[in-house]
Amino acid sequence: MKVAGRESVLPELQFLPDPKLVQLSQHLLWGGVWSMRFIEHHLDELRDDYGVKAFDVVVPTHIHDDHTCGIPHLQRHHGTKCWALKEVGHVLADPAAWASTPGLLEKPICIDRWLTDGQRFVWQEFELEIFSAPGQTEFHSVCAAVIDEKKVAFTGDNYFMAEVDDAGETQTQPFEPTVLRNSFQLEMHRRCADLMRKIRPDLICPGHRDLPPCDSDAVDAYCDFIDRKDHVFRQLVAKPANHFIDLFWARLLPYVAVVAENQSLEYRLLLRNNHDRTILYEAQLIPPSGWRTTAQFSALKLEPAGRGELKFKLVSPSKADNVRRLLTAEIKIDGVNQGQICEALVTVRQE
Ligand SMILES: [Zn+2]
């Protein structure tokens, strides 16, 4: 994808033309190479050029705002329903709580139907399947359906093409984006590879850029990229690799909260064990001054690859200061203090 820049000698419009929908087959319109985010006049294009009369359902592939910012508008003005994979929907429905993951639309999105990993669901004459596909972000799904006799995979931001140098020859190969801040453990991308092998799409519709070539060789190249990336990460970090890769082995919810004076608030500390042995996690919250809590460690034992959570109840100060303040979680692994590993932001506001 070319992007206009300071050195560009060509006009901006050549790089950033008005996005246009692309009709791929009788029942399939795709956002096109330049699809960057929802723009209201695209609804006119759908009506005027393609005879679309209603905007019935939207199924977001993942949580990023370039894919979701039009949903509140569609819900408010067109009665559109939002169906989402559970892992995607719970973030969209409560973005303040999940604001430690980047790229969220601040406005909560009402989820009208919660879908589960591997669920088949029907819309009009089409049967679709949705799968959890933690790729560019942990909170990502891939949708698949047979449309006009082709197996189509809607891959969001999980499957893109890049030019690579292969022994002096430039080749275009598929890759899976890696963004550590979006939450990443090595098995997440292996799951994405397995999923593409399982779907075996005839056509891949990505969230941006060109339609990638799609055949078994292309899917093999995508899976091979993920294998090689796994290998490189393991070379770069100490063991156990996931412990040093995963920025979110501990996550506090809600990340952003605004409360009244003397209000009680419950925090959830989500923990996941990246070690190859059972671990005893102990944690305590360190709130801003004036907050009341039980200042002692709570404990949770997790098996390898296990996930769990600890809950903490706090009461806000009796005097509001309207200042956003930091609250942290201090965590021990098998009795060894790791320090204040994760954080949240809280404001006590005068009512
Ligand atoms: Zn995107």
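Residues numbered from 1 in each chain as written. Predicted model: local features only at pLDDT ≥ 70, side-chain atom pairs only at ≥ 80, totals over all residues.

1. With respect to the overall build of the chain
Formally: Elements are defined by DSSP. Helices are runs of H or I of four residues or more, strands are runs of E of two residues or more, and each kind is numbered from the N terminus. With the radius of gyration taken over C-alpha atoms, the globule rule is written as 2.2 Å times the number of residues to the power 0.38. Buried means a residue has 20 or more other C-beta atoms within 10 Å of its own C-beta, exposed means 12 or fewer, and partly exposed covers the counts in between; C-beta atoms are placed from the backbone. Residue pairs qualify as contacts under a 7 Å threshold applied to their C-beta atoms, which are placed from the backbone.
Looking only at helices and strands, one finds eight helices and 20 strands in the chain. Its C-alpha atoms give the chain a radius of gyration of 23 Å, near enough to 20 Å, the size a compact globule of 351 residues would have. The burial tally for the chain puts 29% of its 351 residues in the buried class. Summarising the internal contacts of the chain: among those between residues at least 6 apart in sequence, 62% fall at separations of at least 24.

2. Focus on the domain arrangement of the chain
Defined as follows: Segment limits for the domains were obtained from an automatic or database-derived domain assignment. Gly counts as polar in this scheme, as do all residues outside two lists: the nonpolar Ala, Val, Leu, Ile, Met, Phe, Trp, Tyr, Cys and Pro, and the charged Asp, Glu, Lys and Arg.
By domain assignment, the chain separates into domain 1 (12-236) and domain 2 (249-348). Contacts between the two partners involve six residues from domain 1, matched on the other side by seven residues from domain 2. In the side of domain 1 that touches domain 2, the residues fall into four nonpolar, two polar and no charged.

3. Things to note about helix H7 (residues 216-236)
Short version of the rule: Helix span, as expected, comes to 1.5 Å for every residue beyond the first. It is the directions from the helix axis to the C-beta atoms that the arc portrays.
With 21 residues, H7 extends 30 Å from end C-alpha to end C-alpha; this agrees with the ideal 30 Å at 1.5 Å per step. For H7, every residue scored as buried is listed here: Val-219, Tyr-222 and Ile-226. Here the buried residues of H7 occupy an arc of 60 degrees about the axis, which is enough to place them on one side. Turned more than 90 degrees from where H7 packs its buried face, Ser-216, Asp-217, Arg-228, His-231, Val-232 and Gln-235 sit exposed. In this structure, the buried residues of H7 make contact with strand S11 (169-175) and helix H6 (186-199).

4. Considerations on the sheet that holds strand S14 (residues 256-259)
Convention followed: Whether two strands pair comes down to DSSP finding at least two bridges between them. Each axis is a line fitted through C-alpha atoms, taken for helices only over the stretch in contact, and angles between the N-to-C directions span 0 to 180 degrees.
Pairing is mixed across the open sheet formed by five strands, whose spatial order is S14-S20-S19-S16-S17. The sheet is open, and its two borders are formed by S14 and strand S17 (298-302), each paired with just one other strand. Pairwise comparison of adjacent strand axes, ignoring direction, gives a mean angle of 30 degrees for this sheet. Pairing geometry for strand S16 (residues 279-286) and strand S19 (residues 324-333), over six bridges, is antiparallel. Counted as the bridge partner of Gln-284 is Glu-330 from S19.

5. What about the pairing of strand S7 (residues 126-132)?
Sheet topology places strand S6 (residues 120-123) next to S7; four bridges connect them, and they run antiparallel. Residue Val-122 lies in a different strand from S7, and its bridge partner there is Glu-127. Connecting the antiparallel pair S6 and S7 is a turn made up of two residues, with Gln-124 showing a positive phi of about 50 degrees. The pairing of S7 with strand S8 (residues 141-147) spans five bridges and is antiparallel. Each bridged residue has a counterpart across the sheet, and for Ser-132 the counterpart in S8 is Ser-141.

6. A word on the packing of H6 against H7
What counts here: Should an angle fall under 35 degrees it is called roughly parallel, over 145 degrees roughly antiparallel, and 65 to 115 degrees roughly perpendicular, with every other angle called oblique. The handedness criterion is simple: a crossing whose near helix is rotated anticlockwise from the far helix by less than a right angle is left-handed, and one whose near helix is rotated clockwise is right-handed.
Running from N to C, H6 and H7 point in directions that differ by 165 degrees, and their axes come no closer than 9 Å. With respect to H7, the axis of H6 lies roughly antiparallel. Where H6 crosses over H7, the handedness of that crossing is left-handed. Contact residues: Leu-186, His-189, Arg-190, Cys-192, Ala-193, Met-196 and Arg-197 in H6; Val-219, Tyr-222, Cys-223, Ile-226, Lys-229, Asp-230 and Phe-233 in H7. Here the contact of H6 with H7 is built from residues that sort into nine nonpolar, one polar and four charged.

7. Re the sheet that holds S8
Pairing between sheet strands relies on hydrogen bonds along the backbone, with the strands arranged either parallel or antiparallel. Across the sheet, five strands lie side by side as S6-S7-S8-S9-S12; this open sheet has mixed pairing. Each of the sheet's edge strands pairs with one partner strand only, and the pair in question is S6 and strand S12 (203-206). If you compare each strand with its neighbour and ignore which way they point, the axes differ by 25 degrees on average.

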